[in-house]
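Inside the fold
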Amino acid sequence: MPRPLNFHDDRLFPADPSTRSYARGLYGLVKDLPIISPHGHTDPSWFATNAPFQDATDLLLAPDHYLFRMLYSQGIKLDALKVRSKAGVPDTDPREAWRVFASNFHLFRGTPSWVWLNHVFSQVFGFTEFLEASNSDAYYDRITEALATEAYRPRALFDRFNIETLATTEGPHESLDHHKAIRESGWGGHVITAYRPDAVIDFEDERGPRAFERFAEVSGKDVYSWKSYLEAHRLRRQAFIEAGATSSDHGHPTAATADLSDVEAEALIDDQQKGNLTHEKPQQKRPHMQPPNAKITLDDSLQMLTEMAKMSLDDGLVMQIHPGSHRNHNVGLLNSHGRDKGADIPMRTEYVDALKPLLTRLGNDPRLSIILFTLDETVYSRELAPLAGHYPVLKLGPSWWFHDSPEGMMRFREQVTETAGFYNTVGFNDDTRAFLSIPARHDVARRVDSAFLARMVAEHRMDLVEAEELIVDLTYNLPKKAYKLDQRPDWARPAALRAAAE
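If you're wondering where the values come from, they're calculated on a predicted model, not measured in any experiment.

**Structural notes on the environment of R236**
Relative to the helices and strands, R236 resides in helix 11 (residues 226–242). It is 35 Å that separates the C-alpha atoms of R236 and V472, two residues lying 236 residues apart in sequence. Setting aside residues no more than four positions away along its own chain, R236 makes contact with P172, E174, L176, Y195, F215, V218 and S219.

Structure (structure tokens):
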């Protein structure tokens, strides 16, 4: 018999009774606050068309690379999970894929996916037993039947989850038609985009050739010459802003930047187009420390991060820098199934020297705002907290990806607070492709921050009134301010707020 799914009300709270009592009270202040989701990778077509999700596999398994990663590590082929390969959609029946997942759900014990999925199962679908092989079909049928109802369509779930703002992520070579359709639909959900130019900035990105072609088409510019290439970015950024974007997002191998003259930068892109650039390992790059006549590489956008920052001075987009992932480490899997299948691996990442060219040029300009993330926790207290604790343009993004866990969130607070404080951080963002995990992830963040503040109250490091103000700021006010969501234009304001203002 399956075991009861006892999703305890005190999950993630301190074991000490008095400290736990503080955590309960703090969490109670924020558990029902609207969700600000300013950075994610959900599909905007879900909200544009409001078409029903097909089945349990389509909704919960197919978009979640966290699940692929663990299952693949145990020898389970992606085709058995109905993951699309480059050759097309696998023949695997979605029910059979779900059975494979259910039979192996125990593999996720102790991981954040265990918490997220059990939140979805219990809070969204009302299950009272843990998922396992014996109830796989019952789970599949109940979820799939629910998805056929109006209450489980994307827009209804968006409203049910109390999402105030959700940002998707698109590249400058991609169409924004789905965002246009959302705006014109009359639905009040605030779904915006974010500018992610990696495919036309990282010249080793396997999407590059086709992405450059599309970039030229949608911008109407010659993207193969430096000045016109920059103008194409400006035009596309403006189109993104018109679709609600308040941020750009940059996921490069390193945080390395350069500050070149226009002549040097133009020569670089010319060399790149001719195939003359050399490529060094990311950790060896220190472009600002090279001799004047040394050849500088552009293979991970050293200059383009600085150029994007300069554009932000004019158009106001907040920069997000997400370095340190060796993308698609499993080349065979990349060739057979493409990107984002759980094969990205964290790398050591350096920030102090890497960011110095950009910060020397722009680090004191009040028009610029940069949010830094890391997959290398060793730099929290040594580099990131001191940088954000000094430069007015810098803020720290939350624990991210491999560290988006209760333990990772607690380590983040413990290591950065003493130097950067709370107000040089930006609250939480979920960074997910799995739509139904959004409320689960935000709930975890709210519980962990409540636990951290409860400990500070119990240790008499702050009083309860301060903690109560902080938990609301960390949950709602800081992400809204950091991503400039308190400055959105009238068309992007919820209908209820517009009506109240009128």
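**Some points on the side chain of D202**
With respect to the helices, strands and loops of the structure, D202 is situated in the loop between strand 3 (191–192) and helix 10 (208–219). No salt bridge is formed by the buried D202. Its closest oppositely charged neighbour is R207, at 6.6 Å. Side chain to side chain, D202 and H252 meet in a polar contact 3.0 Å long.

**Regarding the environment of T144**
Position of T144 among the secondary structure elements: in helix 7 (residues 136–147). Distance in space between the C-alpha atoms of T144 and I371 is 39 Å, their sequence separation being 227 residues. When neighbours within four sequence positions are excluded, T144 is seen to be in contact with Q54, D55 and A56. Among the polar contacts made by the side chain of T144, one reaches the main-chain carbonyl oxygen of Y140 at a distance of 2.7 Å.

**Points about the sheet that holds strand 9 (residues 394–396)**
Pairing in this open sheet of 4 strands is parallel, and the strands run 4-5-8-9 from one edge to the other. The outermost strands of the open sheet, each flanked by one partner alone, are strand 4 (247–250) and strand 9. Averaged over all pairs of adjacent strands, the angle between their axes in this sheet comes to 25°, without regard to strand direction. Judged from the 3 bridges that link them, strand 8 (residues 370–372) and strand 9 form a sheet pairing that is parallel. Across the sheet, the residue bridging to I371 is K395, located in strand 9.

**A short note on the packing of aromatic side chains**
The final tally for this structure, using the stated rule, is 32 aromatic pairs. With centroids separated by 5.2 Å and ring planes inclined at 85°, the aromatic side chains of F47 and F435 adopt a geometry described as edge-to-face. One end of the pair, F47, is in helix 2 (residues 44–49); the other, F435, is in the loop between helix 17 (406–420) and helix 18 (437–458), with 388 residues separating them in the sequence. F47 gets classed as buried once you look at its relative accessible area, which sits at 0%. An aromatic cluster of three or more residues is present, and its members are W98, F101, F105, F108, W114, F121, F127, F130 and Y139. The ring of Y27 has R447 sitting right over it, with the charged end atom 4.3 Å from the ring centre.

**Some remarks on the pattern of salt bridges**
Applying the stated rule across the entire model yields 31 salt bridges. D137 is paired through a salt bridge with R95; the nearest N and O atoms lie 3.5 Å apart. Here D137, found in helix 7, pairs with R95, found in helix 5 (residues 94–103); they are 42 residues apart in sequence, far enough to count as distant. A salt bridge links E383 to R382; the shortest N-O distance between them is 3.2 Å. Judged by its relative accessible area of 7%, E383 falls in the buried class. Residues joined by salt bridges that share partners form a network here, namely R95, E96, R99, D137 and D141.

**Examining a negative patch on the surface**
On the surface, D463, E466, E468 and E469 cluster together into a patch of negative charge. Looking at the element boundaries, E469 is found in helix 19 (residues 464–482).

**Focus: unusual backbone geometry**
The backbone of N328 shows a phi angle near 55°, a positive value even though the residue is not glycine. Looking at the element boundaries, N328 is found in the loop between strand 6 (325–326) and helix 14 (331–337). Given a relative accessible area of 9%, N328 falls into the buried group. For H460, which is not glycine, the phi dihedral falls at a positive 60°.

**With respect to the packing of helix 1 (residues 17–30) against helix 19**
Relative to each other, helix 1 and helix 19 sit at 45°, their axes nearing to 9 Å. Here helix 19 runs oblique to helix 1, going by the angle between their axes. Crossing hand, helix 1 versus helix 19: right-handed. Residues Y22, L26, L29 and V30 of helix 1 touch helix 19, and the partners they reach there are L464, A467, E468, I471, V472 and T475. A per-class count over the contact of helix 1 with helix 19 returns 8 nonpolar, 1 polar and 1 charged.

**Quick look at the nonpolar core**
Ranked by internal contacts, the top residues of the largest apolar core, which has 54 residues, are Y229, L368 and I370. The greatest single-element share of this core, amounting to 7 residues, is contributed by helix 13 (residues 302–315). Dropping the residues within four chain positions of it, L368 is found in contact with A309, S312, L313, M319, L358, L362 and V393. Formed by 52 residues, the second largest nonpolar core is a distinct cluster that contains A48, L60, L157 and L436.

Rules of the game
- Residues numbered from 1 in each chain as written.
- Predicted model: local features only at pLDDT ≥ 70, side-chain atom pairs only at ≥ 80, totals over all residues.
- Heavy atoms only, no water.
- Helix = DSSP H or I, 4+ residues; strand = E, 2+ residues; numbered from the N terminus.
- Contact = heavy atoms within 4.5 Å.
- Buried < 20%, exposed > 50% of the residue type's maximum accessible area, 1.4 Å probe, protein only.
- Lys, Arg positive; Asp, Glu negative; His and termini not counted.
- Salt bridge = Lys/Arg side-chain N within 4 Å of Asp/Glu carboxyl O.
- Polar contact = N/O pair within 3.5 Å; in protein donor to acceptor, adjacent residues only side chain to side chain.
- Pairing = 2+ DSSP bridges.
- Axes fitted to C-alpha atoms, helices over the stretch in contact; angles between N-to-C directions.
- Phe/Tyr/Trp six-rings, centres within 6.5 Å; stacked < 30°, edge-to-face > 60°.
- Lys NZ or Arg CZ within 6 Å of the ring centre and 35° of its normal.
- Patch = residues over 30% accessible without salt bridge, like charges linked within 9 Å, V, L, I, M, F, W, Y side chains within 5 Å.
- Areas by Shrake-Rupley, 256 points an atom, 1.4 Å probe, with all protein chains shown as cover.
- Charge placed at Lys NZ, Arg CZ, Asp CG, Glu CD.
- Parallel < 35°, antiparallel > 145°, perpendicular 65-115°, else oblique.
- Left-handed = near helix turned anticlockwise from the far one by under 90°.
- Nonpolar A, V, L, I, M, F, W, Y, C, P; charged D, E, K, R; others polar.
- Core = buried A, V, L, I, M, F, W, Y, C linked by side-chain atoms within 4.5 Å.

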